[in-house]
Amino acid sequence: MTTAVAPNSAALSAADRCDRCGAQAYLRVELQSGGELLFCAHHAREHGDKLKEIAANVIDETHKLSSTRAIAPDDEV
């Protein structure tokens, strides 16, 4: 199993939703059987060990969650 953004797989967007809860997906698991599953970061962590067993490829974009956003000074809010 590899964990990376695959060059021939489209990046995840806000329209991609977790198959467990419907939250924004940050992990795409391409299955050895040919299908794919999408997970939010929470469910990706919860099911991570099992996913590693059945995955052919994993596109992990959870790093997007730790990006620091700029906050405007008080006088510009």
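Here's what I pulled together on the structure shown here. (Residues numbered from 1 in each chain as written. Predicted model: local features only at pLDDT ≥ 70, side-chain atom pairs only at ≥ 80, totals over all residues. Heavy atoms only, no water.)

### Quick word on the sheet that holds strand 1 (residues 27–31)
Reasoning step 1: Taken together, three strands build an open sheet; the order of strands is 2-1-3 and the sheet is antiparallel. Each of the sheet's edge strands pairs with one partner strand only, and the pair in question is strand 2 (36–39) and strand 3 (55–60). Here the strands of the sheet are splayed against their neighbours by 15 degrees on average, with no regard to which way each runs.
Reasoning step 2: The pairing of strand 1 with strand 2 spans four bridges and is antiparallel. Considered in strand 2, the bridge of Arg28 is made with Leu38. (Pairing = 2+ DSSP bridges. Helix = DSSP H or I, 4+ residues; strand = E, 2+ residues; numbered from the N terminus. Axes fitted to C-alpha atoms, helices over the stretch in contact; angles between N-to-C directions.)

### A short note on the environment of Leu37
Reasoning step 1: For Leu37, the position within the fold is in strand 2.
Reasoning step 2: Beyond its immediate sequence surroundings of up to four residues, Leu37 is in contact with Asp19, Leu27, Arg28, Val29, Leu31 and Leu51. (Contact = heavy atoms within 4.5 Å.)

### Brief notes about the nonpolar core
Reasoning step 1: Cys18, Leu27, Val29, Leu31, Phe39, Cys40, Ala44, Leu51, Ala55 and Val58 form the largest nonpolar core, which has ten residues in total.
Reasoning step 2: Going through the elements one at a time, strand 1 and strand 3 are the ones with two or more residues in this core.
Reasoning step 3: Contacts of Leu27, omitting those with residues within four sequence positions, involve Leu12, Leu37, Leu38, Phe39, Ala44, Leu51, Val58, Ile59 and Asp60. (Core = buried A, V, L, I, M, F, W, Y, C linked by side-chain atoms within 4.5 Å. Buried < 20%, exposed > 50% of the residue type's maximum accessible area, 1.4 Å probe, protein only.)

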